[in-house]
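Below are the chains, spelled out letter by letter.
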Amino acid sequence: MNSPERLSDALAAFSDLRLYIDGQWTSGATGVNEPVVNPADGRTLGRLPHAATADLDRALGAAARTFPAWSMVPAAERRRILLEASRLLRERSARLALILTLEQGKPLAEAQAEVGAAIEVFEWYAEETRRLYGRTIPPRAIGVSQVVEHYPVGPVAAFTPWNFPALTPARKIAGALAAGCTLVIKPAEETPATAIELARACADAGVPPGVLNVVFGVPQEVSDFLLRSPVIRKMTFTGSIPVGRHLARLAAEHGLKRCTLELGGHAPVLVCDDADVELAARTCAAGRFRNAGQVCVAPSRFYVQAGVYDDFAVAMSRAAAGLRVGDGLDPQTTMGPLANARRLEAVQRYVEDAQASGGEVRTGGGRPDGAGYFFEPTVVTGLRDSALAMREETFGPVAPLVKFDTIDEAVARANSLSFGLAAYGFTRSALTAAHLSRHLSAGMVGINHLAVSLAEAPFGGVHESGYGSEGGSEGLQAYLAPKFISHLLS
Ligand code: NAD
């Protein structure tokens, strides 16, 4: 399946990377470009052109010009186009997964699963256009009709990171298009080719020229330019808290634009004495080391009750040590490289701090030999809550374990950080499960499993993890504004 022909076909996607502006594939006006690097071997896959301000202006102009017509396209027609895009993506999914692994590094099986999830997102939003309901409100006087209708908010600026190059752009593109918004999206420069292929499928499916625009450049410069424009009425960003805060400030200062902010987290896991420890360890290892730990909802700090602490540490270490680190294209690989050198340095720092503060590295802790941004799956025990790996979003293959005595104490410790994206509990008690679901402070809670990212469910956080949802009916509402219409019939 991973034949040389297929591989060279996927590699060809990097030979002519382009911006997509007003229906044209273009190299932009700057003449500046940057390398796109395979994180498994450090080699350059291709060069990505940067947009000049003139290119960004054209993208904004196109999004503004096409908004009135696109917002009036009947929902049934938008549904048809989005379903056609999902059909084309399914047809192209094997190639898309290879492209994704080449530029991002995750094992091919994970890339295939991500592409499948991105397709589901297109399908979900396509179907959700059928449910763009308004409502009537009983009037206070005879002869008055009162209705609420939902209108698309206007052109959208979207910014997505490199850890899910298919799924995150899909959420923003499909959500905005389904609602009747036009958009300018800046996917991560590290992983552009997957997003470009999503745009190609949309164009081939009949999204009119100018409705969807894809640009690249220096992130700060592009976002600054787009968010200062009065054309943009909504901003949606997935990434780190400091950048999200900066973009929200810009959005507020320039037109009080609406925002959806998905800013990552540091998901606590409470493993209780009555949990199925083997299941918990297996599940947690799979979740923690998926995508080399670079997942915003990954279980990432582990509070384990005293009675099962040692057993859990052994089982988790065994599962981590059993992973095979390597190039994502190798079918034997179960964990790929980190996405870039920045992540490698950060992860090294967390492990060094853990060791300096008395932690015991039970497995991993270092870099395997060879090129590429690889780091071993690492489990550390004997830590305090004050260790950096317990306090900061590690975004890498590090699992720090601490001990707790009572559930209330563990919940308080889990809730003590300013993150609030996902949280998890492992217990056989329905009562404890209900207690954790209610009291863990997070936008998503998983009990005895980690399945919190679904096209049909709201995905988003509380506190500094951001606000607004993607997915579910809430995901579509994020691109709509209610209009109350009161009509005295005369
Ligand atoms: P970063 O904050 O520099 O970048 C994160 C993403 O935001 C990248 O894709 C980048 O291109 C983009 N970005 C950065 N500055 C921007 C700007 N001014 N305007 C628009 N986009 C901008 O961080 P990084 O070094 O790539 O990753 C570090 C941390 O980011 C991670 O530890 C993690 O906490 C967070 N992160 C979160 C997610 C998520 O899914 N929520 C994804 C990637 C990274």
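Before any of the text, the structure's been laid out above.
Residues numbered from 1 in each chain as written. Predicted model: local features only at pLDDT ≥ 70, side-chain atom pairs only at ≥ 80, totals over all residues. Heavy atoms only, no water.

Regarding the pairing of strand 15 (residues 378-381)
Residues of strand 15 alternate between two faces, with Thr378 and Val380 on one and Val379 and Thr381 on the opposite face, all of them buried. Here strand 14 (residues 360-363) pairs with strand 15 via 3 bridges, running antiparallel. Paired with Val361 across the two strands is Val380, which belongs to strand 15. The pairing of strand 15 with strand 16 (residues 398-404) spans 3 bridges and is parallel. Its bridge partner being in strand 16, Val380 is matched across the sheet by Pro400. (Buried < 20%, exposed > 50% of the residue type's maximum accessible area, 1.4 Å probe, protein only. Helix = DSSP H or I, 4+ residues; strand = E, 2+ residues; numbered from the N terminus. Pairing = 2+ DSSP bridges.)

Details of the layout of surface pockets
For the second largest pocket, the calculated volume is near 260 Å³. Lining the second largest pocket are 14 residues; nearest its centre among them are Ser71, Met72, His150, Tyr151 and Pro152. Here the lining of the second largest pocket takes 4 residues from strand 6 (residues 144-152), the largest share from any one element. Each residue belonging to the lining of the second largest pocket can be placed in one class, and the counts come to 10 nonpolar, 2 polar and 2 charged. (1 Å grid on protein atoms, 1.4 Å probe; cavity = no way out; pocket = protein on both sides within 12 Å on 5 of 7 lines; lining within 4 Å. Points joined across faces, edges and corners; volume = space filled by probe spheres on them. Nonpolar A, V, L, I, M, F, W, Y, C, P; charged D, E, K, R; others polar.)

Looking at helix 8 (residues 219-228)
Those residues of helix 8 that fall on the buried side of the exposure criterion are Val222, Ser223, Asp224, Leu226 and Leu227. On the buried face of helix 8, the contacting elements are helix 2 (53-72), strand 7 (156-159), strand 8 (183-186), strand 10 (234-238) and helix 9 (241-253). (Contact = heavy atoms within 4.5 Å.)

Notes on the site of the ligand
Around the ligand sit 25 residues, and of these Trp162, Ser223, Ser240, Arg342 and Glu393 come closest. A distance of 2.8 Å separates an oxygen atom of the ligand from a polar side-chain atom of Trp162. At 3.3 Å from a nitrogen atom of the ligand is found a main-chain nitrogen or oxygen belonging to Gly264. Expressed as a share of its isolated accessible area of 790 Å², the protein-covered part of the ligand is 86%. At the level of elements, helix 8, strand 10, helix 9 and helix 12 (341-356) are the ones that each hand at least two residues to the shell around the ligand. (Near = heavy atom within 4 Å. Polar contact = N/O pair within 3.5 Å; in protein donor to acceptor, adjacent residues only side chain to side chain. Areas by Shrake-Rupley, 256 points an atom, 1.4 Å probe, with all protein chains shown as cover.)

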